[in-house]
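This is what each chain is made of:
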Amino acid sequence: MKKVWFTITMSWGPAIAIGAASLFALLLLFFQIGSLTKGAHPAEVAVAQSYPSYTSVVKKPIDAPYYIIRNTVRKVRPKSGIIITRGISALIGFISVGLFYALVSLWYRPRVAILGTLLYVSSNWLLRNDRIGLPDIKQSLVLLLIFLPAWLKRTQHKQMAILGAVMAGIYLLHIPGMIWFVLLGMIWRAQSLGSELKKASKPFVIGLLMFFVITISPLVYSIINQPSVLLQLAGIPNNLLLLDVMRNFVAIPTHLFAQGDGNSLLGVGRMPILDVFTTFMVLLGAIATWQSRKLDRSKIVLGILAVGFILSCLGGSMLMTILIPPIYLLATAGIGYMLNEGLCVFPKNPLARGIATVLITVAVIIASAFHITNYFIAWPNTPQTRVTFSQRY
C-alpha cells in the first residue's frame, strides 16, 4: 500500500505543478485580453479587417497557416472581431511558453527550468506580443527548431518526432524570415535525420514525402510566379539601405538593454525591454554558454541569436520578437550558472546553499512581478497608450 501511495504521489505531484503553471500562464495571456485597453491599435484593426480568401491564401501562402486558422475561427464566430486575432496570438504565445519549458527542462534541473520559464512568460515584450492582435508572435515558434531535434535525440517514438519536425518545418517556412533557420537546421541535423529515416518504414517515408510535397507546392508555385515573394520569405526588404542596417545595429541592443524608443506598442516610455536582473542573468548565461560552446544546445542558441540579430538589423519582415526566446534561454542559463556556483562555493553547507537558492528565487519573482505590474497597470494607463489604442472595433 505504501508503494502504491508513493507511486501516486510521485506521478500526481509533477502533474499538479504543471497544471498550476499552465493555469498561471493562461491567466497571464488571456486575462482582460479584450478590455485591458479601451480600444485597439490601428495596426490591429487593419489585420482584423483583412480576411484574405482561402484561394488568395493558396496563391500567396505567406503566413498561410495563420490566416487559415483565423478565417476558420471567423466562420464559427463571425462577430468576434479583434478578439479572434488577439486570441490566436495568445494561443501561439502559450504554445511558445510550453515549448520553452519543455526545452529548458531537458537541459537543466527542474528548479532552473521553472525559474527561467517564469521570467519568460512574465516578460513585458512577450506579454505585449502575445496579447495584441498582430501575427508577430509567431516568430517565437522558432523554439520548435530547438526542441524537436532535442526530443528526437531522446525519445523512443522516432517516427512521431520526425513527423513533428517536418510539420514544424513546413509551418515555419511560411513565416517570413524563418527559411534561414529551417535551412540551417536541416543542414545541421541532416546526418541524424537521414539515419532515422533509413530506420523508418517505407510507407511512413513515402507518406511523409507526399505530405511535404503537397503542403509546400503552393509556396513553390507562388515563388515561381512572384519572385518578390522569395525576398519576403527571406526577411530581406525590397530597398535595403546600409544606413538603416547600421542604425538598427545600434538601436536593437539599446532597446533591449538600455533605453526604449518611446513606442507605446512596444513598451512604457523609454524603458528597455529587459530589467536589470534579467540583463545580468543574460550576461552570465552568455558567458556560460560560450564556455560550453561545443555543446549542441550552446551552438543552436548562439546561432539563432546571431542569425536573428542579423535579420532584425536588415529591417525586413523579421522583427525583434525572434530575439526574445534565445535571450531568455541565455537568462535561464545564467540562473543555472548562479545556482551551480552556489553548490560549488558551499558544497557541504546546506544552509548557505538554501539561502543562495532562495535569494535567486526571490529575485526572479520580483522581476516577474515588475513586468506583470508594468504591463497590466502602468502600460494601459499611460497617455500615449490611451491615444494609440483608441480605435473601436
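Attention in this report is confined to the structure presented alongside it. From a predicted model like this one, the values you see are computed outputs, not experimental measurements. (Residues numbered from 1 in each chain as written. Predicted model: local features only at pLDDT ≥ 70, side-chain atom pairs only at ≥ 80, totals over all residues. Heavy atoms only, no water.)

### As for the packing of aromatic side chains
Phase 1: Going through the model one piece at a time under the given rule, you end up with nine aromatic pairs.
Phase 2: Taking 4.3 Å as the distance between ring centres and 10 degrees as the angle between the ring planes, the aromatic pair formed by Phe-100 and Tyr-120 counts as stacked. Residue Phe-100 is located in helix H5 (residues 82-107), and its partner Tyr-120 is located in helix H6 (residues 110-121); the two are separated by 20 residues in the primary sequence. Each member of the pair Phe-100 and Tyr-120 is classed as buried.
Phase 3: Each ring, one from Trp-107 and one from Tyr-108, has its centre 6.4 Å from the other, and the planes form 80 degrees; the classification is edge-to-face.
Phase 4: For Tyr-108, a relative accessible area of 19% translates into the label buried.
Phase 5: Three or more aromatic residues joined by ring pairs form one cluster here, namely Phe-31, Tyr-375, Phe-376, Trp-379 and Phe-389. (Phe/Tyr/Trp six-rings, centres within 6.5 Å; stacked < 30°, edge-to-face > 60°. Helix = DSSP H or I, 4+ residues; strand = E, 2+ residues; numbered from the N terminus. Buried < 20%, exposed > 50% of the residue type's maximum accessible area, 1.4 Å probe, protein only.)

### Some details on the nonpolar core
Across soluble globular proteins, nonpolar side chains have a tendency to be buried as a group.
Phase 1: Among the nonpolar cores identified, the biggest contains 89 residues, and Leu-172, Tyr-328, Leu-329 and Ile-335 are the most heavily contacted of them.
Phase 2: Sequence-distant contacts of Ile-335, defined by excluding residues within four places in its chain, comprise Val-112, Leu-115, Gly-116, Leu-119, Met-281, Ile-360 and Val-364.
Phase 3: With eight residues, the next largest nonpolar core counts Ile-170, Ala-200, Phe-204 and Leu-208 among its residues. (Core = buried A, V, L, I, M, F, W, Y, C linked by side-chain atoms within 4.5 Å. Contact = heavy atoms within 4.5 Å.)

### Observations concerning the packing of helix H2 (residues 42-49) against H5
Phase 1: Look at H2 against H5: their axes get within 9 Å of each other, and the N-to-C directions meet at 100 degrees. For the element pair H2 / H5, the angle class is roughly perpendicular. Every residue of H5 that contacts H2 at Glu-44, Val-45, Val-47 and Ala-48 is listed here: Ile-82, Thr-85 and Arg-86.
Phase 2: In terms of residue class, the contact of H2 with H5 is built from four nonpolar, one polar and two charged. (Axes fitted to C-alpha atoms, helices over the stretch in contact; angles between N-to-C directions. Parallel < 35°, antiparallel > 145°, perpendicular 65-115°, else oblique. Nonpolar A, V, L, I, M, F, W, Y, C, P; charged D, E, K, R; others polar.)

### A look at unusual backbone geometry
Phase 1: Even without being glycine, Gln-32 reaches a positive phi, approximately 50 degrees.
Phase 2: Take Gln-32: it is sitting in the loop between helix H1 (2-30) and H2.

### Section: the pattern of salt bridges
Phase 1: Summed over the entire model, instances satisfying the criterion amount to three salt bridges.
Phase 2: For the salt bridge of Lys-153 with Asp-296, the shortest nitrogen-to-oxygen distance reads 3.8 Å. With a gap of 143 residues between them, Lys-153 in helix H8 (residues 143-154) and Asp-296 in helix H16 (residues 296-314) connect regions that are remote in the sequence.
Phase 3: Taking relative accessible area as the criterion, Lys-153 reaches 55% and is therefore assigned exposed.
Phase 4: Take Asp-296: its relative accessible area is 27%, and that puts it in the partly exposed class. (Salt bridge = Lys/Arg side-chain N within 4 Å of Asp/Glu carboxyl O.)

### As for the environment of Arg-297
Phase 1: Mapped onto the elements of the fold, Arg-297 is located in helix H16.
Phase 2: Counting along the chain gives 190 residues from Arg-297 to Trp-107, while the straight-line C-alpha distance between them is 8.2 Å.
Phase 3: Those residues in contact with Arg-297 that lie beyond four places of it in its chain are Trp-107 and Tyr-108.

### What about a nonpolar patch on the surface?
Phase 1: On the surface, a cluster of nonpolar side chains totalling about 320 Å² of accessible area is made up of Leu-26, Phe-30, Leu-91 and Ile-95.
Phase 2: As for its placement among the helices and strands, Phe-30 is situated in helix H1. (Patch = residues over 30% accessible without salt bridge, like charges linked within 9 Å, V, L, I, M, F, W, Y side chains within 5 Å. Areas by Shrake-Rupley, 256 points an atom, 1.4 Å probe, with all protein chains shown as cover.)

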